[in-house]
Amino acid sequence: MTDAQALVKTLDFQLNIQSDNESLLYDATLEARRVYNETIRLAKEGVDWNAIPDRVADDAHLVKNTTQRIVAKALGAMENYYEYDDFGLPSHTKDGAYPLRANYKEGYNLSLTDDGDVAFRISAKPYNHVKGVLEGSDVHLDILKSALESDGWKIGTAEALFHNDNAELHVNVTNTEQTVRGKLDSRTVVGVDVNEDNVALTALSEDGVEDTLVIGFPEIKFERHRYFTMRKRVQNAGKDSTHDTLEGHKERFVRDRLHKVSRHIVEWSQQFEKPCIVFEDLKEMRDSIDYGTRMNRRLHHLPFRALQFCTSYKASFEGIPTGWINPEYTSQRCPICGHTERANRNKKRFKCKDCSHQGHSDRGASVNIAVKSIKKHQKWNVPALNSLPQVQKVRRRASGAVDAPTVTHPTARGYQADGRMGVSD
Ligand SMILES: [Zn+2]
């Protein structure tokens, strides 16, 4: 009856491969391509599909279950063609690398090292393994580590492949205990407006504004979007990692902030009944005429999408759904009367040209995001708003242990409330 979903994720990593194993993995992906082509060729020749797996496996220089996976993928492509006939007949003449598909604990294995890394072992060829450690975003590494340590997770198949000459591993994981509530089944919508120096939140229910909050983080400003550049270890010059460099330090600082802010958003949202956290979908921004200085500034001053994704991941682990809306006019619409005009907004001040409403413009935008989401996703009505509560502001502490691990459970730990502050007039 609901649109609840199992929590399934594909986690992407780069492979930091030990010694000279990289060519072994590359050879295996070429062999995977040959197996794929051979399967397609036999199927086109009219060979009985039931006979194909054995026939191909006899010659394949790959681990058996990996061969089976690739054959199944190729036959699946043929089946699709016969069924739908709209993608063109799969070709058996392509060359180059093909993803090496493997079952967990058969074709590949993962384990936690004493250093807190995740080690991998991929059976590239029979009795020939490629080993090393995984590298990637903290979000994906965190999830994988949870999956390795917890019974509530199932690690599934993975694909080893080369992307822009880099070896990668894409791992499927399923959380067997947690489902994410369907977003259509929400009682509170939390609009999240991400800016270059703060995040504004407003929780709206059918009864009106439940609460509102602005989280400031001025120190992140100068860091820009380094977050998504994966940490690649500096393997030469005797350096083991970038950790000791200034850049590495700054990068960890931003990541640390993002994790704390995103955790704060999720925990704040959890106090409300059946929350759904809603963001602006910037993909919809490209064609929008609202793409002005404000949007540019936001995009260039903060790992904007990183914060959205980080929050969305953390929310899903709490069973909280996330929604996305078109950002058009969210910053120019009056949250009280709906009057929309560019001149309404002047930096952090919003002054409606139609009604008398004045207020914090980012908070106003978060109201508008929530309103849009209610219209888009919910069956209940947007509440009538006559006024907005005072803006409560919290600010990330300027100093603080940047290097400290951030995994403990931390309601508002590390936050310093500035107290309730009125909207400056
Ligand atoms: Zn107005």
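Keep in mind it's a predicted model, so treat the numbers as computed, not measured. (Residues numbered from 1 in each chain as written. Predicted model: local features only at pLDDT ≥ 70, side-chain atom pairs only at ≥ 80, totals over all residues. Heavy atoms only, no water.)

Chemist: Quick one: what's the story with the overall build of the chain, residue by residue and with numbers?
Modeler: Along the backbone of the chain there are eight helices and 17 strands. Looking at the chain residue by residue over its 425 residues, the buried ones come to 49%. Taking the intrachain contacts of the chain between residues at least 6 apart in sequence as the baseline, contacts between residues at least 24 apart amount to 71%. Carbon and sulfur atoms form 45% of the exposed surface of the chain, whose accessible area is close to 21200 Å². (Helix = DSSP H or I, 4+ residues; strand = E, 2+ residues; numbered from the N terminus. Buried < 20%, exposed > 50% of the residue type's maximum accessible area, 1.4 Å probe, protein only. Contact = heavy atoms within 4.5 Å. Areas by Shrake-Rupley, 256 points an atom, 1.4 Å probe, with all protein chains shown as cover.)

Chemist: Explain the layout of surface pockets to me, using residue names and the numbers behind them.
Modeler: Here the second largest pocket defines a volume of roughly 400 Å³. Taken together, 18 residues make up the lining of the second largest pocket; nearest its centre are Q5, K9, V180, S312 and T322. Contributing elements (two or more residues each) for the lining of the second largest pocket: β1 (5-17), α7 (304-317) and β12 (322-325). Ranked by the residues each element gives to the lining of the second largest pocket, the list is headed by β1, at five residues. Across the lining of the second largest pocket, the residue classes break down as nine nonpolar, five polar and four charged. Mapped onto the domain boundaries, the lining of the second largest pocket takes at least three residues apiece from domain 1 (5-179) and domain 2 (181-420). (1 Å grid on protein atoms, 1.4 Å probe; cavity = no way out; pocket = protein on both sides within 12 Å on 5 of 7 lines; lining within 4 Å. Points joined across faces, edges and corners; volume = space filled by probe spheres on them. Nonpolar A, V, L, I, M, F, W, Y, C, P; charged D, E, K, R; others polar. Domains from an automatic or database assignment.)

Chemist: Break down the packing of helix α4 (residues 138-149) against α7 for me, with residues and values.
Modeler: One way to put it is that α4 packs onto α7 with a least axis distance of 10 Å and a crossing angle of 20°. Classed by the angle they form, the pair α4 and α7 counts as roughly parallel. For the crossing formed where α4 meets α7, the hand is left-handed. Contacts between α4 and α7 involve V139, H140 and I143 from the former and C310, Y313 and F317 from the latter. In terms of residue class, the contact of α4 with α7 is made up of five nonpolar, one polar and no charged. (Axes fitted to C-alpha atoms, helices over the stretch in contact; angles between N-to-C directions. Parallel < 35°, antiparallel > 145°, perpendicular 65-115°, else oblique. Left-handed = near helix turned anticlockwise from the far one by under 90°.)

Chemist: Give me the side chain of H360: which residues, what numbers.
Modeler: Relative to the assigned elements, H360 resides in strand β15 (residues 358-360). Reaching out from H360, the side chain makes a polar contact with the backbone nitrogen of R363 at a distance of 3.2 Å. (Polar contact = N/O pair within 3.5 Å; in protein donor to acceptor, adjacent residues only side chain to side chain.)

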